[in-house]
Amino acid sequence: MNKVGLFRSIQSKFTIIYILLLLVAVQVIGAFFTNELERELMENFESSIDDRVELLNYNLEKAFERERNEEGGSTLQEEIQNIVSDVETGDITTLEVINNQSRVLGTTNVLERDMIGKKTTRDTVQDALFFDERQDTIKFNPETKNRVRVQAVPIFDSQENVMGVIYVEASLEGVYDQMQEINDIFLQGSLLAIAVSAVVGILVARTITKPISEMRRQAQTMAKGDFSQKVKVYSKDEIGLLADTFNDLNSRLKHSYATIEEEQFKLRSVLSNMSDGVIATDNTGAVTLMNEAAGRMIGRDPDEVNGELLIDVLQLEDRVINMTELPDSGSMIIDFSDEDEFFLIRAKFSTILDEEENITGFISVISDVTEQEKAEQDRREFVSNVSHELRTPLTTMKSYIEALNDGAWEDKEIAPRFLGVAQTETDRMIRMVNDLLQLSKMDAEEYPLEKERVDFIQYFHEVIDRFELNLPEHINLKRQLPEGQFPVWMDKDKMTQVLDNVISNAIKYSPEGGTITMKAENKRHYLLVSVSDQGMGISYDKLDKIFERFYRADKARTRKLGGTGLGLAISKELVEAHHGKIWATSKEGKGTTVLFTLPLMNQKRRGA
Ligand code: ATP
Ligand code: MG
């Protein structure tokens, strides 16, 4: 949190300005006041001295004149000394009376009594006598460090002749002391006023800064995403309005913040519930967002991918150099298979542009197309298998028919054999086409089962009986079937097809003297049916494949035996249509067991 420096704060600025203004005002008033006071005091001082001097002047004038008219009695000097002594001195430090011959006639200063009758040397007195004019100056006495007012007032007789001079020295210190005292009071008053105004200034400034500081604090809380508090509105002034606006801003922000959060939540849940993967990047191609579906598909934790390049994440290093090529490429199939699993994804790319058409990022939507691709591959394989399977009998037939055409038909021995082959091949082709038709109907789910309640064990015995009727001599059949009733809800014809195929396979692949064991076991909820032979077996890696269409473990051999590789594929579809499972186990050279399950009808229905 940034702190405002002490002298930068509004509060101190405000207070300083306040005090400065007051200082200026005090200065101006002070200057004016001091000036006025000095003038007033000086005037009072002067007039009090002047009054006394005037009175003295009058008395002296009388004395001087009397001296001329009446002789005898007291001397002039004595009379003057008496008059002088009567003067109320006060601030007057020295008062001398001097005649027009510059001789001192009287003085108030006791120390200068010996000056009486002597000539004075004072310049001011000389000037007054010389100019017949009153002299008035202010002098500084360096000894006493006092300022004194020095006056020399001529005494005129009735004919306007100068008879003498009154010399007065009066100390100004009293006036200055008084002024000093008043100034001190004024200064104290000013200091008090400044102190009071500083306090007031601080308080007034606080009323402004307090709401501002509060708003600042509030703004900081808002920055952290907390909009729960409001600023207190102290007054209805500009700051109060600002606080109101601020609160308004707060509630609007709160609202939009909530809206944004809601939108983000929606977006997040949309992204996480999508089955397609979404990866977003910035304009450099570095991943900024990846949903869980994408994470699952590419096998990475969405959080740890952030910041990695999309090209690396999708393993496209060898196929593209630059991100900008991707959107033009339409969609891409990327192989994410590992040793265990075949896995393909399709990635589509698009660019995100801002208003000025600048690229701000890329979006890639990825989807799992493994099944789709597998189905497509199966379909292609199937078409090629069918064509291959049909071509073989057709070429055989063609060559036989050609031979017949070339004259073999006349040969009574060869012709029937050749025609027999053609018939066998035709039968095989018909069988195969029928099988294919059945499979395609089952794929399209247009192959209804007509299920009924069948006692499986009894039914199994019947099937085996039928096989025994035209069993090749070198094969033995063995039954391991439980006693009792085991009802199964099934389509008898379809189940016969399954058993026919499994048993005829076993016969087909059994060696001379081999035994085929037919078994049925009660596993509580289902029956486990198995057919085992002692043939050459199937290698482990091919065990699952024998249930695929057209798959034959040993092509050359089985074709000779007349198989098309569709029997077990049909059996598998039919067993599954009965909610069962079919699989095979085998030991190479020792024999093969084909097993399948069939759900038993529950006790209640069994009893019914
Ligand atoms: P179809 O049954 O259509 O006439 P097929 O018997 O060759 O022809 P499937 O019954 O689907 O086809 O069997 C697939 C392949 O599985 C056979 O070609 C064979 O290689 C192998 N197979 C099936 N049963 C056995 C078995 N009991 N012993 C050894 N291999 C078997
Ligand atoms: Mg078969």
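Residues numbered from 1 in each chain as written. Chains lettered and ligands numbered in written order. Predicted model: local features only at pLDDT ≥ 70, side-chain atom pairs only at ≥ 80, totals over all residues. Heavy atoms only, no water.

The protein is annotated in an unreviewed UniProt entry as histidine kinase from Virgibacillus sediminis. Recorded in UniProt under Catalytic activity (unreviewed entry), the annotation for the protein is "ATP + protein L-histidine = ADP + protein N-phospho-L-histidine." According to its UniProt record, the protein has this under Subcellular location (unreviewed entry): "Cell membrane". (UniProt positions renumbered as here; feature names shortened; annotations may be inferred.)

1. A closer look at the overall build of the protein
Of the regular secondary structure elements, the protein holds 15 helices and 17 strands. Taken over the C-alpha trace, the protein has a radius of gyration of 68 Å; the compact-globule value for 608 residues is 25 Å, which it surpasses by more than 25%. Taken along its principal axes, the extent of the C-alpha atoms in the protein is 215 × 65 × 40 Å. A total of 608 residues make up the protein; the buried ones form 37% of that total. Of the contacts made within the protein by residues no fewer than 6 positions apart, 59% connect residues no fewer than 24 positions apart. A total accessible area of about 37,100 Å² is found for the protein, and carbon and sulfur atoms account for 52% of it. Looking at charge distribution, the protein has the averaged site of its 71 positive side-chain charges lying 14 Å from that of its 103 negative ones. (Helix = DSSP H or I, 4+ residues; strand = E, 2+ residues; numbered from the N terminus. Rg over C-alpha atoms; globule rule 2.2 N^0.38 Å. Buried < 20%, exposed > 50% of the residue type's maximum accessible area, 1.4 Å probe, protein only. Contact = heavy atoms within 4.5 Å. Areas by Shrake-Rupley, 256 points an atom, 1.4 Å probe, with all protein chains shown as cover. Lys, Arg positive; Asp, Glu negative; His and termini not counted. Charge placed at Lys NZ, Arg CZ, Asp CG, Glu CD.)

2. Notes on the site of ligand 1
The full set close to ligand 1 counts 20 residues, and N505, K508, D533, A553 and L568 are the nearest of them. Here an oxygen atom of ligand 1 and a side-chain polar atom of Y509 are 3.3 Å apart. Between L568 and ligand 1, the recorded distance is 2.8 Å, taken from a backbone N or O atom to an oxygen atom. In the complex, the protein chains occlude 96% of the 590 Å² of accessible area that ligand 1 would expose alone. In this structure the site holding ligand 1 corresponds to the largest pocket. For the shell around ligand 1, the elements supplying multiple residues, two or more each, are α12 (492-508) and α14 (567-577). The element best represented in the shell around ligand 1 is α12, accounting for 4 residues. By residue class, the composition of the shell around ligand 1 is 8 nonpolar, 8 polar and 4 charged. (Near = heavy atom within 4 Å. Polar contact = N/O pair within 3.5 Å; in protein donor to acceptor, adjacent residues only side chain to side chain. 1 Å grid on protein atoms, 1.4 Å probe; cavity = no way out; pocket = protein on both sides within 12 Å on 5 of 7 lines; lining within 4 Å. Sits in = over half its atoms within 2 Å of the grid points. Nonpolar A, V, L, I, M, F, W, Y, C, P; charged D, E, K, R; others polar.)

3. Here's the deal with helix α4 (residues 173-223)
For α4, with 51 residues, the first-to-last C-alpha span of 71 Å sits near the 75 Å given by 1.5 Å per residue. When the local axis directions of α4 are compared, the greatest deviation, roughly 35°, occurs at T207, which is followed within four positions by the proline P211. Just downstream of α4, G225 is the residue with a positive phi angle, here 95°. (Expected span 1.5 Å × (residues − 1). Bend = angle between axes of the 7 residues up to and from the residue.)

4. Topic: the coordination of the magnesium ion (ligand 2)
Within the protein, the atoms that donate to the magnesium ion (ligand 2) are N501 (OD1) and N505 (OD1), at distances of 2.1 to 2.6 Å. Taken together, the residues span about one helical turn, with N501 and N505 both in helix α12 at a distance of 4 residues. Across the pair, exposure class does not vary: N501 and N505 are buried alike. (Donors = N, O, S within 2.8 Å, 3.2 Å for Na, K, Ca; no water.)

5. Some words on the layout of surface pockets
If you add up the space inside the largest pocket, you get close to 870 Å³. As for the largest pocket, its lining consists of 37 residues, of which N501, N505, K508, Y509 and L568 are closest to the centre. Going through the elements one at a time, α10 (414-443), α12, α14 and β17 (591-599) are the ones with two or more residues in the lining of the largest pocket. Per-element tally for the lining of the largest pocket: the top contributor is α12, with 8 residues. Classifying every residue of the lining of the largest pocket gives 13 nonpolar, 15 polar and 9 charged. Mapping the lining of the largest pocket onto the domain boundaries places at least three of its residues in each of domain 3 (374-443) and domain 4 (452-603). Taken together, 22 residues form the lining of the second largest pocket, with D378, E381, F547, E548 and R549 sitting closest to its centre. (Points joined across faces, edges and corners; volume = space filled by probe spheres on them. Domains from an automatic or database assignment.)

6. A short note on the sheet that holds strand β2 (residues 104-107)
Here 5 strands make up an open sheet; going across it, the order is β2-β1-β5-β4-β3 and the pairing antiparallel. In this open sheet, the two edge strands, each paired with only one partner strand, are β2 and β3 (135-141). Put simply, the sheet's adjacent strands are angled 20° from each other on average, direction ignored. Where strand β1 (residues 92-99) lies against strand β5 (residues 162-171), 7 bridges are found, and the strand directions are antiparallel. Bridging across to β5, E96 finds its partner in Y167. Packed onto the sheet, helix α2 (residues 76-86) meets β1 and β2 and runs at close to 30° relative to β2. (Pairing = 2+ DSSP bridges. Axes fitted to C-alpha atoms, helices over the stretch in contact; angles between N-to-C directions.)

7. Describing the environment of S275
Mapping S275 onto the fold places it in the loop between α5 (238-273) and β6 (277-282). Note on S275: relative accessible area 62%, which makes it exposed. Taking the C-alpha atoms as reference points, S275 and I366, separated by 91 residues in sequence, lie 9.4 Å from one another. Not counting residues up to four positions away in its chain, the partners in contact with S275 are A293 and M297.

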